[in-house]
Amino acid sequence: MKKLLGLGLGLGAVGIGWLAYGALVEAKRLTVERRTLRLPRWPRRLDGYTIAVLADLHVRDEYSVELARRAVELALDENPDMVVLPGDLVGHWLPESPWLLEAVLEPLLLMGGSAIAIPGNHEYWGGDASLLAPILDELNIRYLRNEVYGHAGINWVGIDSLNAQQANPGGPLSEALLEDDPVVVLWHEPDAVDLLPAGADLMIAGHSHGGQWRFPWGWTPMTTRNGEKYVEGFFPNAPTPLYVSRGVGTTGPPARLGVLPEVSILRLVSG
Ligand SMILES: [Fe+2]
């Protein structure tokens, strides 16, 4: 009995140690993931077009604000042509969320309107995704909910959250495909790429957090609906070429293990 108790206490201590390390070290170790994505139909006139992806900020308290502000700074340091925020800007809605988000996103005013956001499933936690609209409007960030936005010779399609049952990809995608310009789709849940009608050049997603926890022997205890098939990185052979960011913030326990937070810098080239 004593031995069992000792084993239990020992395992508990290891678990707490892992959680503390994951929260204090790995969750804060932001990486800049610079990737060149070759897209078969990408026009040569836009070769080298660069998109910074800031996914899953999960802003909810002073720690998440500090991390998300650093992520915004790192993105702007790369001089991207466009900054995209593919959902879960908040962890859940709080009375102070508008001020916390403004503190994080204000530097994006420097993008002069070349910034786009869409809702994720967490925009429906404790509130509604419409609460983001006035905040983003003030910061000149275009908010797309099942809409198309023509900008810089690209048709940007922003789809609302699949998990929140608000997604309608068909209408806006058909509208975008009426023109010759390339089409980039933002959709929070990566596995939704299997539901996206054909024709877009690229889809960008987050939501999975790359699994957030990956133990050395490959065990990933956290799973998330519609973020399990395409977990992280570039999937050129998905039904539509897909990039999935590991995201910036955390969900559930505020820690990461073996899956570092990411600011993605995507350079798009034809080929
Ligand atoms: Fe999500």
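These lines cover the structure that appears in this document, whether it is placed above or below. Here the structure is a predicted model, which means the values were calculated and not measured.

## Observations concerning the coordination of the iron ion
Then, in step 1: Coordination of the iron ion by the protein comes from D88 (OD), N121 (OD1), H188 (NE2) and H207 (ND1), over a distance range of 2.2 to 2.3 Å.
Then, in step 2: Between the donor residues of the iron ion, the gaps in sequence give the motif D-x32-N-x66-H-x18-H. Here H188, found in the loop between β8 (183–187) and β9 (202–205), pairs with H207, found in the loop between β9 and β10 (233–235); they are 19 residues apart in sequence, far enough to count as distant. An identical accessibility class is assigned to H188 and H207; each is buried.

## Structural notes on the side chain of T240
Then, in step 1: Residue position: T240 is located in the loop between β10 and β11 (242–244).
Then, in step 2: Those residues in contact with T240 that lie beyond four places of it in its chain are V193, L196, P197, A200, D201, L202, M203 and F235.

## A closer look at the side chain of S270
Then, in step 1: Structurally, S270 can be placed in strand β12 (residues 262–270).
Then, in step 2: Residue S270 is classed as buried on the basis of its relative accessible area of 11%.
Then, in step 3: A polar atom in the side chain of S270 sits 3.1 Å from the side chain of R44.
Then, in step 4: Those residues within four positions of S270 in sequence are excluded, and the remaining contacts are R38, L39, W42, R44 and D47.

## A short note on the environment of L46
Then, in step 1: Among the structural elements, L46 can be located in the loop between β1 (31–39) and β2 (49–53).
Then, in step 2: Spatially, the C-alpha atoms of L46 and V269 are 7.4 Å apart, while their sequence positions differ by 223 residues.
Then, in step 3: Setting aside anything within four residues of it in sequence, one finds L46 in contact with A152, G153, I154, P182 and L268.

Thresholds, definitions, all that
Residues numbered from 1 in each chain as written. Predicted model: local features only at pLDDT ≥ 70, side-chain atom pairs only at ≥ 80, totals over all residues. Heavy atoms only, no water. Donors = N, O, S within 2.8 Å, 3.2 Å for Na, K, Ca; no water. Helix = DSSP H or I, 4+ residues; strand = E, 2+ residues; numbered from the N terminus. Buried < 20%, exposed > 50% of the residue type's maximum accessible area, 1.4 Å probe, protein only. Contact = heavy atoms within 4.5 Å. Polar contact = N/O pair within 3.5 Å; in protein donor to acceptor, adjacent residues only side chain to side chain.

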